[in-house]
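# Overview (structure and organization)
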Amino acid sequence: MKTDVVVIGAGAVGCAVARELSKLKLSVVVVDKNEDVGGDASKSNSAIIHTGYDASPGTLESRLVVAANPMYDRISRDLDVPFSRIGAILPAFTDEQFEKLPFLKEKAFDNRVYDVEYLTGEQLLAIEPNLNPEVKGGLYIPRESIIDPFLLVVAYAENAQQNGVNFLLSTKVVDITTAGGKITGVKTDAGDIECDYVVNAAGLYCDEIASYVGKNDYYVNPRKGQFYILDKNTSVKVNHIVLPIPTKLTKGKLMCPTVHGNMLVGPTAEDLDDKTDKSTTAEGLDSIAADVRKLIPGVRLNDTITQYCGLRPNRNPEGLHVDVYDDLYGYVNLSGVRSTGLTASAALGVYVTQTLIRMGMPAEYKTDFIATRKGIPSFHKANDEQKEELIRQNPLYGRVICRCETITEGEIVEAIRRPIPARSIDAIKRRLRAGMGRCHGGFCRPKVIEILARELGVPAEEVLKNQKGSYLVTGRVK
Amino acid sequence: MKVLSYDVAVIGGGPAGLAAAQTAKENGAQRVIIVERDTALGGILQQCIHPGFGLTYFKEELTGPEYAARFEEKALAAGVDKLLDAMVLEVGKSALLCSTTEGLVRVEYKSAVLAMGCRERTRGNIRIPGTRPAGIFTAGAAQRLINRQNLMVGKQVVILGSGDIGMIMARRLTLEGAQVKAVVEIMPYLAGLTRNRVQCLDDFGIPLLLSHTVTRIVGKERVEGVYVAAVDENKRPISETEEFFPCDTLLLSVGLLPENELSKGAGVKMCPVTNGPVVNQLSRLPFRRFSPPVTSSTSTTLPTTFRWRAP
């Protein structure tokens, strides 16, 4: 296979880069070891689009996050991704915390986030009634926002694919080839790809990819973040992203709504060595409970429907880097893209593309670039007339499979047939929320297994939850 | 939109819904319909292929589907209508909105019976730490896969919870060739019937671990095992008793929660203790539209919601 650019990693950043590159007359291939787009960290995070108010001023991370935030109004509209500018609050409960507020405001000022406002305790309680009533005052960050992180990545990828980008999933990069100080190709476990440019957007594994070209002057360790998801029906909710005042040691644990109306509580921050350890722990979950009660004393963690864990790619030494090298033409190395990576993805798409162009990559825009992408029509969100129309067009839209989230067989079949197809239980869940409600697949999973087997034309035992080996059933009964 | 008009609309064609529809009909309701999301009536009985049903009611031993068929025959013979493969989306003050593959259907009613049943508590509800691999099933979901879809869920199984469905599944899995390593129960006593313990566990040599719980799930793609520990009197695991059980499947039989989205949407008041609707001593909702005004003398026999246990 021959192409111009290979992007390694189909997480938020890789897919955003691919979408931006797809505006140019170039051939682009995205390679990822996982069976679906969505990466690792990109699918298990706090789903927040940050403003960068608390970044380290003057860093690349600050510039990218600050630049990215305003881009999401357009991206969410063009790519049909649920997004909501709900705002964040940073309440202070103790004198020590209260005295920190001017410094946090100054940091926001240094990051050029000028719309951060001081609110009194009374004002904060008025907009967030479930807040700990001992609140003395705090900051309000109006443009902190929430997004559907799964759909953002799928949307970037689908739009890139509409514009000619080729996605090679379940494909692991095993080497990068160079000759005379130039990139010549990428070797994968599914064959070799000749190319002139390589973008390393491999997140947690970017150090291993960098080692193939000898540019691993850093290493990445996973920093585990555990979260609770609460039922939409939980009685104690928040309207904003409620953030704790950070301490020297940690940014702390937050509580915020998701774009779908659940409550998200967490995360922990635990440094690990094992990049595959995605397990929640009793200690981690207990620590979330203890900390978040300081913010929202009434939080009902018994209303949890699931807990999950994400691994932030923590760079050592620290810092978000986009590196190019004088002695290696055609190679762009991204590293240290951590919790702000989802937000930064929009700006990184542009930044990486411009970096490649500055390096000498030919840049001619396509005249037929398709700028918008439509998601799978939602039965649940449609009004009665639209529902009738959806069922008329495809009778399977009349059959509800996931009762908690009201997801129909029509939507599931469409997800399986999309250009970036959902081929596993989890891929369907991330795109549609089938199995993400309070029964967590107890009701719909047996049916989704049947639908996947039928649509993919495979026996049920070949239907997977996600990766190879994650089979759900072992075969027919006796 | 197709519009149907009935005196009584029953949501859910499980045992409660079937009994309610038949009773309504026998007590003078002219037009009665059952709206059922599955393709057959009977609800969860359809997947309960073990015997033991009907001993009280019919004085003979029947399987779940046979038992359901008896009730279905009675209800249909009494003139009850059914609307299958239909999901009720909303319960309004005088009509239900249903979704079917032929379009939306509006079912107008004078009285509605809410008999949607229960859903099973999940791994997330009870916060078992660990990884999230394939191979974790609620007992009912596994029962559906095995008995209705004829798909086997695993080879080496640990079951958490000694409820009846859990024990019945222990036997069912054993009969299908799986090895059930243990049934683990956090309480110091059995949750289900002693009869099921004898017939489903003891007869097959399946160990029952009382005052134990699953403390951690291990496995990347598929379950590779679970840690089980004894618990103290406050149900906290005693870490030094933790033991690893290699297995590829974990079944959960850890309780049921009422299915009440529709009730809530209709404005029915919920009880925070039971998570079911607030009812009066006659099991009637304090909300006229949903109480069954079929005939005044017998209306109390008509359940509004009905909690059902496997025998």
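This structure is a prediction, so every number in the text was calculated from the model and none was measured.

Here is what the cut-offs are and how they apply
- Residues numbered from 1 in each chain as written.
- Chains lettered and ligands numbered in written order.
- Predicted model: local features only at pLDDT ≥ 70, side-chain atom pairs only at ≥ 80, totals over all residues.
- Heavy atoms only, no water.
- Pairing = 2+ DSSP bridges.
- Helix = DSSP H or I, 4+ residues; strand = E, 2+ residues; numbered from the N terminus.
- Axes fitted to C-alpha atoms, helices over the stretch in contact; angles between N-to-C directions.
- Contact = heavy atoms within 4.5 Å.
- Buried < 20%, exposed > 50% of the residue type's maximum accessible area, 1.4 Å probe, protein only.
- Domains from an automatic or database assignment.
- Buried area = accessible area lost by both parts, 1.4 Å probe.
- Salt bridge = Lys/Arg side-chain N within 4 Å of Asp/Glu carboxyl O.

This next bit is on the sheet that holds strand S18 (residues 225-230) of chain B. Residues and elements named next belong to chain B. Strand order in the open sheet formed by three strands is S17-S18-S19, and the pairing between neighbours is antiparallel. The two strands at the open ends of the sheet, each matched to only one other strand, are strand S17 (212-218) and strand S19 (243-246). Averaged over all adjacent pairs, the angle separating strand axes in this sheet is 30°, with direction ignored. Taken together, the six bridges between S17 and S18 define a ladder with antiparallel strand orientation.

Residue and element names in this part refer to chain B. Taken in spatial order, the four strands line up as S6-S3-S2-S10 in an open sheet, and their pairing is parallel. The open sheet terminates on both sides in strands that have one partner only, identified here as strand S6 (81-83) and strand S10 (111-114). The average angle at which neighbouring strand axes cross in this sheet is 20°, direction not considered. Sitting on the sheet, helix H1 (residues 15-26) is in contact with strand S2 (8-11), strand S3 (32-35) and S10, with an inclination near 170° to S3.

Let us look at the environment of Gly11 of chain A. Residues and elements named next belong to chain A. For Gly11, the position within the fold is in the loop between strand S1 (5-8) and helix H1 (12-21). Residue classification places Gly11 among the buried positions, given a relative accessible area of 11%. The spatial distance from the C-alpha of Gly11 to the C-alpha of Val153 is 6.6 Å, given a sequence separation of 142 residues. In this view, Gly11 contacts Asp32, Gly38, Gly39, Ser42 and Val153; residues no more than four positions away in its chain are not counted.

A few words on the domain arrangement of chain A. Residues and elements named next belong to chain A. Taken domain by domain, chain A consists of domain 1 (1-83 + 147-218 + 317-375), domain 2 (84-146 + 221-314) and domain 3 (384-462). Here domain 1 and domain 3 have C-alpha centroids that lie 29 Å from each other. Listed per partner, the contact involves 14 residues of domain 1 and nine residues of domain 3. Taken together, both faces of the contact between domain 1 and domain 3 bury some 1,100 Å²; the carbon and sulfur share is 55%. Three residues stand out in domain 1 for area buried against domain 3, namely Asp36, Phe150 and Glu158, and they jointly supply 42% of the buried area on that side. At the junction of domain 1 with domain 3, the criterion picks out four salt bridges. For the salt bridge of Asp36 with Arg431, the shortest nitrogen-to-oxygen distance reads 2.8 Å. Among the elements that make up the side of domain 1 that touches domain 3, the one with the highest residue count is helix H6 (residues 149-162) (six residues).

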